[in-house]
Amino acid sequence: MFRLWGKIFKDNHLLQDTVIENDDRELNRTRKVFQGLEDICNQFDLSNPIWLDQNISEFKRHSKTRFHQDSFIEGIPFDYLEIHVIEED
């Protein structure tokens, strides 16, 4: 089971969160992360963020990253979206 936790923060307060599960053993970890992020954004009614170099290196080190305004094309009404892998196969 692969589980990805998505959280929206504003002024250091958690506004929304959700956990996305993926049982598909055919997909590799990268595809599960991208699919999970897309599902999180759909639930929160957001456009998908752009992965910047900072996001990639942070995610590789900690299995967690934050997407700030510079990762989104549209304006966002919060400070950042954080994703975190909480369980892997």
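Everything here concerns the structure above.
Summarised in this report is the structure supplied together with it. Note that the structure is predicted; figures quoted are calculated from it, not measured.

### Considerations on the pairing of strand E4 (residues 80–87)
Two elements, strand E1 (residues 2–10) and E4, share 7 bridges in a ladder whose sense is antiparallel. Bridging across to E4, Phe9 finds its partner in Tyr80. As judged from the 4 bridges shared by strand E3 (residues 64–67) and E4, these two strands associate in the antiparallel manner. Note on E4: the bridge partner recorded for Lys64 is His84.

### Some remarks on the side chain of Lys32
As for its position among the elements, Lys32 is in helix H1 (residues 29–43). Using a relative accessible area of 4% as the deciding quantity, one classes Lys32 as buried. Beyond its immediate sequence surroundings of up to four residues, Lys32 is in contact with Phe2, Asn22, Asp24, Leu27 and Asp89.

### A short note on the sheet that holds strand E2 (residues 13–22)
Strand order in the open sheet made by the 4 strands is E2-E1-E4-E3, with antiparallel pairing throughout. Edge positions in the open sheet fall to E2 and E3, since each of these has one partner strand only. Each strand of the sheet is rotated relative to its neighbour by a mean of 20 degrees, with strand direction disregarded. Packing against the sheet, helix H2 (residues 53–62) makes contact with E3 and E4, and its axis sits at approximately 155 degrees to E3.

The rules behind these values
- Residues numbered from 1 in each chain as written.
- Predicted model: local features only at pLDDT ≥ 70, side-chain atom pairs only at ≥ 80, totals over all residues.
- Heavy atoms only, no water.
- Pairing = 2+ DSSP bridges.
- Helix = DSSP H or I, 4+ residues; strand = E, 2+ residues; numbered from the N terminus.
- Buried < 20%, exposed > 50% of the residue type's maximum accessible area, 1.4 Å probe, protein only.
- Contact = heavy atoms within 4.5 Å.
- Axes fitted to C-alpha atoms, helices over the stretch in contact; angles between N-to-C directions.

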